[in-house]
Amino acid sequence: MRLIIDTHTHTCASGHAYSTIQENAREAQRKELAMVAVTDHGPAMCGAPTVIYFNNLPTVPSQIYGVRIIKGAEVNILDYNGKLDLPERTLARLEFAIASLHDLCIAPAGIEENTRALVKALQNPYVDGVAHPGNPQFQVNIETVVAAAAQYHKLIEINNHSFTARPGSADNCRQFAIACRRMGTRIVCGSDAHISFDIGDFAYVNRLLAEVAMPEELVLNTSVDRFESYLAERKLRIERS
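These lines cover the structure that appears in this document, whether it is placed above or below.

Calculation notes
- Residues numbered from 1 in each chain as written.
- Predicted model: local features only at pLDDT ≥ 70, side-chain atom pairs only at ≥ 80, totals over all residues.
- Heavy atoms only, no water.
- Buried < 20%, exposed > 50% of the residue type's maximum accessible area, 1.4 Å probe, protein only.
- Helix = DSSP H or I, 4+ residues; strand = E, 2+ residues; numbered from the N terminus.
- Arc of directions from axis to C-beta.
- Contact = heavy atoms within 4.5 Å.
- Core = buried A, V, L, I, M, F, W, Y, C linked by side-chain atoms within 4.5 Å.
- Disulfide = S-S within 2.5 Å.
- Axes fitted to C-alpha atoms, helices over the stretch in contact; angles between N-to-C directions.
- Parallel < 35°, antiparallel > 145°, perpendicular 65-115°, else oblique.
- Nonpolar A, V, L, I, M, F, W, Y, C, P; charged D, E, K, R; others polar.
- Salt bridge = Lys/Arg side-chain N within 4 Å of Asp/Glu carboxyl O.

1. What to know about helix 1 (residues 21-30)
Among the residues of helix 1, Ile21, Asn24, Ala25, Glu27 and Ala28 are the ones counted as buried. Down the axis of helix 1, the smallest arc covering the buried residues is 160 degrees, so these residues share one side. For helix 1, the secondary structure elements touched by its buried residues are strand 1 (5-9), strand 2 (35-38), helix 2 (51-55), strand 3 (63-64) and strand 4 (67-76). Taken from the residues just after helix 1, glutamate 32 is the one with a positive phi, measuring 60 degrees.

2. Examining the nonpolar core
Among the nonpolar cores identified, the biggest contains 61 residues, and Ile156, Ile187 and Met214 are the most heavily contacted of them. Among the elements that take part in this core, helix 7 (residues 169-183) stands out by supplying six residues, more than any other. With residues up to four places along the chain from it excluded, the contact list for isoleucine 187 reads Ile156, Ile158, Cys180, Leu209, Met214, Leu218, Val219, Leu220 and Asn221. Counting 14 residues, the second largest nonpolar core, distinct from the first, contains Ile5, Ile98, Leu155 and Val188.

3. A closer look at unusual backbone geometry
Negative phi is the rule for most residues except glycine; trans is the rule for most peptide bonds. Positive phi outside glycine occurs at tyrosine 65, with the angle close to 55 degrees. Examined against the element boundaries, tyrosine 65 turns out to sit in the loop between strand 3 and strand 4. Owing to a relative accessible area of 33%, tyrosine 65 belongs among the partly exposed residues under this scheme. Backbone geometry at histidine 132 places phi at a positive 30 degrees, although glycine is not the residue there. Checked against the element boundaries, histidine 132 lands in the loop between strand 6 (129-130) and helix 5 (142-151).

4. Comments concerning the state of the cysteines
One pass over the structure, following the stated rule, counts zero disulfides. Here cysteine 46 stays unpaired: no disulfide links it, and the sulfur of cysteine 105, its closest cysteine neighbor, is 9.1 Å away. When its relative accessible area of 63% is taken as the criterion, cysteine 46 is described as exposed. Note on cysteine 189: no disulfide assigned, nearest cysteine sulfur contributed by cysteine 180 at a separation of 10 Å.

5. Side note on the packing of helix 4 (residues 111-123) against helix 5
Across the interface, helix 4 lies against helix 5 with an axial gap of 9 Å and an inter-helix angle of 5 degrees. With respect to helix 5, the element helix 4 is oriented roughly parallel. When helix 4 is examined against helix 5, the residues Thr115, Leu118, Val119 and Leu122 are found in contact with a partner set consisting of Thr144, Val145, Ala148 and Ala149. Taken together, the residues that form the contact of helix 4 with helix 5 break down as six nonpolar, two polar and no charged.

6. Looking at the pattern of salt bridges
Two side chains carrying opposite charge are able to pair once their charged atoms lie near each other. Per the stated rule, a full pass over the model turns up nine salt bridges. As a salt-bridge pair, arginine 234 and aspartate 128 come within 2.5 Å of each other at their nearest N and O atoms. Of this pair, arginine 234 sits in helix 9 (residues 224-240) while aspartate 128 sits in the loop between helix 4 and strand 6, and the two are 106 residues apart along the sequence. Just as arginine 234 is buried, aspartate 128 falls in that class too. For arginine 182, the salt bridge goes to glutamate 143, with nearest N and O atoms at 2.4 Å. Taken together, the residues span a long stretch of sequence, with arginine 182 in helix 7 and glutamate 143 in helix 5 at a distance of 39 residues. Through salt bridges that share partners, Glu27, Arg30 and Lys31 make up one connected network.

Here it is as structure tokens:
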């Protein structure tokens, strides 16, 4: 299958990434991607932008170099009850939000606590999915997290960067993918690029999806129509919340 959407990318606004939105869009165009989500870190991350940055994202064009720009965030989970570092009024202005655990924002705990943090985040109507949940630093009950994503009609991310940046992630990512396939839980695939050259890099993800025979219809990154339908679903969910 071909992945034409990158749902997890960073710009220099994150404080530890090195390219602009325009540079990322140019690389996406070069690699013939159709869509790129801008998901800079929430303000609890060291060096990350303030809330006003995310409030102002609607000023970014929806198309740059012919690539659809999805205005989003990677929000930090701050406690084991799923508290986030962006307020609801800001999240409501965004098109897409993934939530994640980072040791700079929350201390790793046991499996029960880590699992509760992700499940609580998935219950939040403004959160679309959990990012790099295979990180062994925050070991979780994979079955419980995938079941929660299915229950709340949310997404599980398979993160390409995790295979090199988070040692020990490969087996967890595989178990997440297998559980998603079995439960029919939708997934998204992110490069987690911190420089433009890594936009659309899905080398490890592609191998994993092939190994587990992931059905293409569960992978939102394979279809613009499928992803736009999800964004419409998100909008309706928020309106009803």
